[in-house]
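One-letter residues, chain by chain:
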Amino acid sequence: MLRVSDTHHLLSAKAAPVSNFTGLIRKLNVDGPLLSGLLLISIFGLFVLYSAAGEDTALLLNQAIRLGVAVVAMLIVAQLPPDFLRRWTPLGYLLGLLLLVLVLTSGDVGQGARRWLNIGIRFQPSEAMKLAVPMMTAWFLQDRQLPPRAGHLAIIAILIAIPTFLIAKQPDLGTALLIAASGIIVIVLAGMSFRLIMGLGVLAIPGAYGLWHFMQDYQKQRVLTLLNPDSDPLGAGYNIIQSKIAMGSGGLFGKGWTNGSQAHLEFLPERHTDFIFAVLGEEFGLFGVVSLLVLYTFVIGRGLFIAVQAHDTYSRLLAGSISLTFLVYVFVNTAMVTGLVPVVGVPLPLVSFGGTSMVTLMAGFGILMSIHSQRKLLPH
Amino acid sequence: MRLLSPIKDHHLERRLFIGRAIFCAVLSVLLLSLVIARLVQLQVFDHELFAEKSQGNRVRIEAVAPIRGLVFDRKGRVIAENLPAYQLELIPEQVDDIDDTLQRLAALNLIESDDIERFKELSRTGQQFKPVTLKFRLSDAEIANFAIQRPRFPGVDFQPRLVRHYPHGQLFSHAVGYVGALNTADVQRLDSGRYAGTSHTGKTGVEASKEDNLHGDAGFRHLITNARGRQVPADSSELLESLPIDENASPGANIYLSLDLDVQKAAFDALAGRRGAVVALDPTNGEILALVSAPSFDPNLFAVGMSNAQYGELRNNPDRPLFNRAVLGTYPPGSTIKPMLSLAALETGATNLTRKTICRGYFQLEGNEHRYRDWKPEGHGPVDLHDAIAQSCDVYFYELSGDLGIDNMHEYLTRFGLGSATGIDLIGERGGIVPSREWKRNNFSDRDNQRWYNGETVIASIGQGFMLATPLQLAVATGALATRGERFQPHMVAAVEDAITGARSITQPKSIANVDIRNEFYWQYVLEAMHDVMQGPRGTARAVGMGAPYEMAGKSGTAQVISIAQDDEYDEDELEERLRDHALFISFAPLDDPKIVVAVIVENGSSGSGVAAPIAKAVMDQYLGFGDATGQ
């Protein structure tokens, strides 16, 4: 099914006179607005990180290198045609599951959790699953009638539940919830009926109760702490109390870059990783945090735009899921730091210090770029 | 070409997707708005609250210990002061290998190897930025030694601190006492607000009894710190200005003692090499002039801190240098109570001025074979009361004891202050014992022991048996003799001086119940007899008193340490030194205008007049202006 408007759009874009730079961008299958948004966030993030890490240039350089690697990963993925990704999706998903099982049986232990696999290089297979799950879900739905039927939904539920369970077992509840979310987003976008969503929402209440028993003690503690942080101000509640003090004392415009006493005098724990948003809030105030949220919104918006523009179901669902999962990241982290949700180990994307997750994120955006720049007529 | 499901409608699907995308976008905006609303709440509405909390987070209140008050003698000479001393400190967080560092410091003899475990424990348990004191005072040689080695010891350094110093060493260790590091009991007892920042407290002597005055009040200063409590520089003057105002520590009050350095030294020197005590006081107001217990110790050891080995040596020394014999040591007063009993006997009619006894060297109760010996085996011959005092005839007192009775003895000796604590401004003073029938009933459990026996009255008349008194009590009682019944509570603190204003609060003499003797002549009679002890032709201590440039009165005493079996001759030289009699002496001078009372006890000194009296004389000489010291 070929539509004239699409062809026209495609042709006219190619025919338009472009500068060398835009030409290069186009040749590299890069989406300019998306790249700009991501780079702005990353650069902003580097500034915040420099301050949060106690003006540690070595750490900053480390993060910059990781960022570079992630951008390269994004560029490489952007060159892969969507068809290629689609073709390899089932295999990738199965390989991911296999690796997750391997992690549980023979992974490296760090900080009380078994998350890493060491095969020459140390990496977390759960990171790969962040992309593999929405890809698999989208792949499963691409040829099926939408909105999906109940039987299909049940199969998808299993496709999502297996990796989620394996990752929760590590234990890494934060990642497990994000991966489940990325899959669920696909089926919501695919048109699952709102009635069903509501129904599942009601079912989620006993589900949450079941989850409570599944949680580790420290995770239960985090939930209790959220409800009453002052119950144990020097223990479990310390992080939330200190991050709220940091944010609140920042006020409208903040204490100024590198002047945050909460961060620099080490009151705020995990200030350059999960709680970096509080450093931003302390030093740049409401103005700073809203600016960052606006940048995130722009990236998410651009991602959804790309999804809407995509020409096939697989691309649409995948692009939409990647964009909205990014939103889930941002929301969970900022809501956690501001004390709206329990502390779960979710970094602030592109700003928190840390490597693997950044590569995964950028690879995801590479997929968005590939989808957008290599749009073609339906693959018939 | 893939086979599509026949009902798959791409156009419819796209519209469905767009609808869902819009729905998700709206949801996203709502979620982010929720976060922004929360941020507005925290950063706009609650900003002030959190700004205050953030400020409170970083401002730590640190206590500033007050400077301890000084102690002076009656002429303003320093007895206890605070000197800057260099102490060796280790900051745990700056030391990589604490064990290795301590081992190497021990190898340099800067710390004792016994203490390594203790320091390791302290380094592990304390806050990591807080220094652990390894040695409170470094000698010049140690400072020089360490200064060369310092580069090899990162995290170890010497720091100046004020350390309590007793310039006269052993001289005042029992009177003034010492300060020592706070222990757990101290921490529970003391007001944590006043003692915040304080490391030492008075443990004994005036340092303990006047702790409240000497200590002062802690001040506070505000520090900007990081989360681990370490001080960090203020990053803005604004912040510094916003800090609450620091409160200065108020220094402790200075104490002026009634003690006289020269008299104290004379007593200390005279007691050198002995175990015993000297208490000298002014009978007209109760001021203590000298208070010495021997052997002594260096109180600086406690102020500076000593090794376990050093402390063990002090504790386990059989001569008990830490024991304050002057106020805690209780001894049988021996014949020193004879002047008091004489007054009691005259007053109650148990004897009179003309009664004479033929002393044959022993006394027997009717119907009893037991011989109560006189100290002079061949006897004193015929003696009246005057002779009985001057020559210290025991038999005279044995004989009148039956007429006087134990309860009268108890009554009069109690009036002189024996048998109960004097109330001196020191902690832990002992009260001694003046027995009576009632006392025996109350202090023994089995019936036979609760009875009072006549033989016990006999030996009580020469200050033996159950009777016990401290040297201080003897001095106070002697004061009442010297003043003919006027009594004052003894005290060592003459004045308390505010360290800032210099205002002095002077201790007023505190009169206590007088010893009333109806016939004034009895005083005259007994005091003259005491005078003759020193300066009469047959006085027991005439060898000491003769030739004194002033008129003195005294009374010797010996107190048995063990009882001698009947009819056994005993040879002093063969007796173990520690089984010899204690030598006692009480005295005052001048006779008609008493200015000083001295009580002396020399443990196992054998002879009151031969050993204890010369010590008393040396102290008096010094005080009355005939001594060696010129009083610098």
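Cut-off values and rules
- Residues numbered from 1 in each chain as written.
- Chains lettered and ligands numbered in written order.
- Predicted model: local features only at pLDDT ≥ 70, side-chain atom pairs only at ≥ 80, totals over all residues.
- Helix = DSSP H or I, 4+ residues; strand = E, 2+ residues; numbered from the N terminus.
- Contact = placed C-beta atoms within 7 Å.
- Buried ≥ 20, exposed ≤ 12 C-beta atoms within 10 Å, placed from the backbone.
- Pairing = 2+ DSSP bridges.
- Core = buried A, V, L, I, M, F, W, Y, C linked by C-beta atoms within 7 Å.
- Domains from an automatic or database assignment.
- pLDDT = per-residue confidence, 0-100.
- Axes fitted to C-alpha atoms, helices over the stretch in contact; angles between N-to-C directions.
- Left-handed = near helix turned anticlockwise from the far one by under 90°.
- Nonpolar A, V, L, I, M, F, W, Y, C, P; charged D, E, K, R; others polar.
- Parallel < 35°, antiparallel > 145°, perpendicular 65-115°, else oblique.
- Expected span 1.5 Å × (residues − 1).

Novice: Help me understand the overall build of chain A, please; the structure alone is not making it clear to me.
Specialist: Of the regular secondary structure elements, chain A holds 15 helices and 3 strands. Sequence separation of 24 or more characterises 72% of the internal contacts of chain A that already satisfy a separation of 6 or more.

Novice: Can you walk me through the overall build of chain B in this structure?
Specialist: Scanning chain B for helices and strands turns up 24 helices and 22 strands. The buried share of chain B, reckoned over its 632 residues, is 44%. At a minimum sequence separation of 6, the contacts of chain B that also span at least 24 residues come to 73%.

Novice: What is the right way to look at the pairing of strand S22 (residues 596-602) of chain B in this model?
Specialist: On a regular strand, each side chain points to the face opposite its neighbour's, so the side chains alternate between the two faces of the sheet. All names here are of chain B. With 7 of 7 residues buried, S22 is to be regarded as a mostly interior element. Of the two faces of S22, the one carrying Ile596, Val598, Val600 and Val602 and the one carrying Val597, Ala599 and Ile601 are both buried. Relative to S22, strand S10 (residues 276-282) is paired through 6 bridges, and the arrangement is antiparallel. Counted as the bridge partner of Val279 is Ala599 from S22. Examined bridge by bridge, strand S21 (residues 582-589) and S22 share 7 bridges and lie antiparallel to one another. Within S22, the residue paired with Ala583 across the bridge is Val602.

Novice: Any chance you could explain the nonpolar core here in plain terms?
Specialist: Generally speaking, a soluble globular protein has its nonpolar side chains buried in company with each other. Grouped together as the largest cluster of nonpolar side chains are 119 residues, with contacts concentrated most on Ala267(B), Val278(B), Val279(B), Ala280(B), Val600(B), Ala612(B) and Val619(B). The biggest single contributor to this core is helix H24 (residues 608-624) of chain B, with 9 residues. Per-domain counts for this core show at least three residues from each of domain 1 (62-252) and domain 2 (261-312 + 325-624) of chain B. Apart from residues no more than four positions distant in its own chain, Val619(B) is found in contact with Val263(B), Ala266(B), Ala267(B), Ala270(B), Val278(B), Ala280(B), Ala290(B) and Val598(B). In this structure, Leu67(A), Leu268(A), Leu286(A) and Val35(B) belong to the second largest nonpolar core, which totals 117 residues.

Novice: What is the right way to look at the confidence of the model for chain B in this model?
Specialist: Detailed reading of the predicted model is not advised wherever pLDDT is low. The share of residues in chain B with pLDDT of 70 or more is 93%, and the mean pLDDT across the chain is 86. With a pTM of 0.65, the predicted complex shows an ipTM of 0.88.

Novice: Would you mind showing me how to read the pairing of S21(B) here?
Specialist: All names here are of chain B. Of all 8 residues in S21, 8 are buried, a share of seventy percent or more. Of the two faces of S21, both are covered, the one formed by His582, Leu584, Ile586 and Phe588 as well as the one formed by Ala583, Phe585, Ser587 and Ala589. For strand S20 (residues 553-559) and S21, the ladder comprises 7 bridges, and the chain directions are antiparallel. Along S21, the bridge assignment pairs Gly557 with Leu584.

Novice: It is not clear to me how the packing of helix H3 (residues 98-107) of chain B against helix H4 (residues 116-125) of chain B should be interpreted in this structure. Could you clarify?
Specialist: Between two packed helices, what matters for the description is the angle formed by their axes and the separation of those axes. Residues and elements named next belong to chain B. Where H3 contacts H4, the axes come no closer than 10 Å and their chain directions differ by 145 degrees. The crossing of H3 and H4 is right-handed. Residues Ile98, Asp99, Leu102, Gln103 and Ala106 of H3 pack against Ile116, Phe119, Lys120 and Ser123 of H4. Here the contact of H3 with H4 is composed, by residue class, of 5 nonpolar, 2 polar and 2 charged.

Novice: Looking at this structure, how should I read the interface of chain B and chain A?
Specialist: Interfaces are often described in size by the accessible area the parts lose on coming together. Across the contact, 40 residues belong to chain B and 45 residues belong to chain A. Contributions of two or more residues to the side of chain B that touches chain A are made by helix H1 (10-45) and helix H2 (47-58) of chain B. Among the elements that make up the side of chain B that touches chain A, the one with the highest residue count is H1(B) (20 residues). Tallied by class, the residues present in the side of chain B that touches chain A amount to 22 nonpolar, 8 polar and 10 charged.

Novice: What am I meant to see in the environment of Val109(A) here?
Specialist: Residue and element names in this part refer to chain A. Relative to the elements of secondary structure, Val109 occurs in strand S1 (residues 108-110). Judged by local crowding, Val109 falls into the exposed class, with 10 C-beta atoms found within 10 Å. Sequence separation between Val109 and Gln170 is 61 residues; the distance between their C-alpha atoms is 9.3 Å.

Novice: Honestly, the packing of helix H14 (residues 338-348) of chain B against helix H16 (residues 394-404) of chain B in this entry has me stumped. Any pointers?
Specialist: All names here are of chain B. Interhelical geometry of H14 versus H16 gives an angle of 45 degrees and a closest axis separation of 11 Å. Relative to H16, H14 is oriented oblique. Where H14 crosses over H16, the two elements pack in a sense that is left-handed. Contacts between H14 and H16 pair Lys338, Leu341, Ala344, Ala345 and Thr348 from the former with Phe397, Leu400 and Leu404 from the latter. Class assignment for the residues of the contact of H14 with H16 results in 6 nonpolar, 1 polar and 1 charged.

Novice: How should I be thinking about the sheet that holds strand S11 (residues 287-294) of chain B in this particular structure?
Specialist: Adjacent strands of a sheet pair through backbone hydrogen bonds, lying either parallel or antiparallel. Residue and element names in this part refer to chain B. Strand order in this open sheet of 5 strands is S11-S10-S22-S21-S20, and the pairing throughout is antiparallel. Every interior strand has two partners, whereas the edge strands, S11 and S20, have only one. This sheet shows a mean twist of 5 degrees between the axes of neighbouring strands, independent of strand direction. Along the sheet, helix H21 (residues 471-482) makes contact with S10, S21 and S22, crossing S22 at roughly 145 degrees.

Novice: Would you mind going over H1(B) with me for this structure?
Specialist: Along an α-helix, residues three or four apart share an orientation, since each turn contains 3.6 residues. Compared with an ideal rise of 1.5 Å per residue, which puts 36 residues at 52 Å, H1(B) spans 50 Å between its outermost C-alpha atoms and is within 8% of the ideal. Among all positions in H1(B), only Phe17(B), Arg20(B), Ala21(B), Cys24(B), Ala25(B), Ser28(B), Leu32(B), Val35(B), Leu39(B), Leu42(B) and Gln43(B) are buried. The inward-facing, buried residues of H1(B) abut helix H8 (173-189), helix H11 (238-250), helix H13 (276-309) and helix H14 (313-337) of chain A together with H2 of chain B.

Novice: Honestly, the confidence of the model for chain A in this entry has me stumped. Any pointers?
Specialist: Averaged over every residue, the pLDDT of chain A is 84; the share at 70 or more is 89%. Least confident of the elements in chain A is helix H1 (residues 4-15) of chain A, whose mean pLDDT is 45; most confident is H13(A), at 94.

Novice: Could you clarify how one ought to interpret helix H17 (residues 406-415) of chain B in this entry?
Specialist: Residue and element names in this part refer to chain B. Three or more residues of H17 are buried, namely Ile406, Met409, His410, Tyr412, Leu413 and Arg415. As for H17, its buried residues are in contact with H14, H16, helix H18 (437-443) and helix H20 (454-460). The first or second residue beyond H17 is Gly417, which carries a positive phi of 105 degrees.

Novice: Help me out: how do you make sense of unusual backbone geometry in this one?
Specialist: Note: most peptide bonds trans; most residues except glycine with negative phi. The amide bond that connects Ala294(B) to the next residue, Pro295(B), takes the cis arrangement and shows omega of 0 degrees. Tracing the backbone through its elements, the reader meets Pro295(B) in the loop between S11 and helix H11 (300-304). Between Ala589(B) and Pro590(B) the backbone carries a cis peptide bond, its omega angle lying at -20 degrees. Here Pro590(B) lies in the loop between S21 and S22. You will see that Leu350(A), though not glycine, has its phi angle at about 70 degrees, which is positive. Among the structural elements, Leu350(A) can be located in the loop between H14 and helix H15 (356-373). On the basis of neighbour count, Leu350(A) is assigned to the buried category, with 29 C-beta atoms found within 10 Å.

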